[in-house]
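Examination of the molecular architecture
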Amino acid sequence: MSEKKIRITQVASGNGRKPGQQATLVGLGLNKIGKNIERDATPEVLGMVNKVKHLLKVEELG
C-alpha cells in the first residue's frame with residue numbers, strides 16, 4: 001500500500017508566531033525559509049500542515 005507524498009516548503013518565518021505554530025514547524029522538520037521536506041500524506045502530517053498553512057507551500061508528488 002503506497003502512501004501519497006507531499007513536498008512542503010517553508011515560505012515564511014515562524015518568529016513572532018504563537019508557540020504552538022512554532023512547535024508545529026519544528027515537528028515537521030522545518031526551521032528556515034526555503035527549506036523543503038517530503039513526507040507521506042498521513043492524517044497527522046496533513047493536520048500539522050493545516051495548522052501552519054499560511055507559512056508553507058505544499059505540492060503533491062506523483
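Residues numbered from 1 in each chain as written. Predicted model: local features only at pLDDT ≥ 70, side-chain atom pairs only at ≥ 80, totals over all residues. Heavy atoms only, no water.

**Some thoughts on the overall build of the protein chain**
A count of helical and extended segments in the protein chain gives two helices and three strands. The helix and strand sequence of the protein chain, counted from the amino end, reads β-α-β-α-β. The buried share of the protein chain, taken over its 62 residues, is 27%. By sequence separation, contacts in the protein chain at least 24 residues apart represent 71% of the contacts at least 6 residues apart. For the protein chain, the accessible area works out to roughly 4200 Å², and carbon and sulfur atoms hold 51% of it. Side chains of the protein chain carry 11 positive and 6 negative charges; the gap between the two charge centres is 11 Å. (Helix = DSSP H or I, 4+ residues; strand = E, 2+ residues; numbered from the N terminus. Buried < 20%, exposed > 50% of the residue type's maximum accessible area, 1.4 Å probe, protein only. Contact = heavy atoms within 4.5 Å. Areas by Shrake-Rupley, 256 points an atom, 1.4 Å probe, with all protein chains shown as cover. Lys, Arg positive; Asp, Glu negative; His and termini not counted. Charge placed at Lys NZ, Arg CZ, Asp CG, Glu CD.)

**Some details on the nonpolar core**
Of all hydrophobic cores here, the largest spans twelve residues; its members are Ile 6, Ile 8, Ala 12, Leu 25, Leu 28, Leu 30, Ile 37, Val 45, Val 49, Val 52, Leu 55 and Leu 56. Looking at this core, the elements with two or more residues in it are strand E1 (5-10), helix H1 (19-28) and helix H2 (43-51). Those residues in contact with Val 45, other than ones at most four positions away along the chain, are Ile 6, Ile 8, Leu 28, Arg 39 and Asp 40. (Core = buried A, V, L, I, M, F, W, Y, C linked by side-chain atoms within 4.5 Å.)

**Examining the pattern of salt bridges**
Overall, the coordinates contain five salt bridges when judged by the stated rule. Among the salt bridges present, the one from Lys 5 reaches Asp 40, with a minimum N-O distance of 3.4 Å. On the criterion of sequence distance, the pair formed by Lys 5 in strand E1 and Asp 40 in strand E2 (residues 36-40) is long-range, its members being 35 residues apart. Given the relative accessible area of 36%, Lys 5 is considered partly exposed. Under the relative-accessibility criterion, Asp 40 is labelled partly exposed at 31%. Salt bridges sharing partners connect three or more residues here, namely Arg 7, Glu 38, Lys 57 and Glu 59. (Salt bridge = Lys/Arg side-chain N within 4 Å of Asp/Glu carboxyl O.)

**Observations regarding the side chain of Thr 24**
Tracing the chain through its elements places Thr 24 in helix H1. Ignoring sequence-local partners within four residues, the contact set of Thr 24 consists of Met 48, Lys 51 and Val 52.

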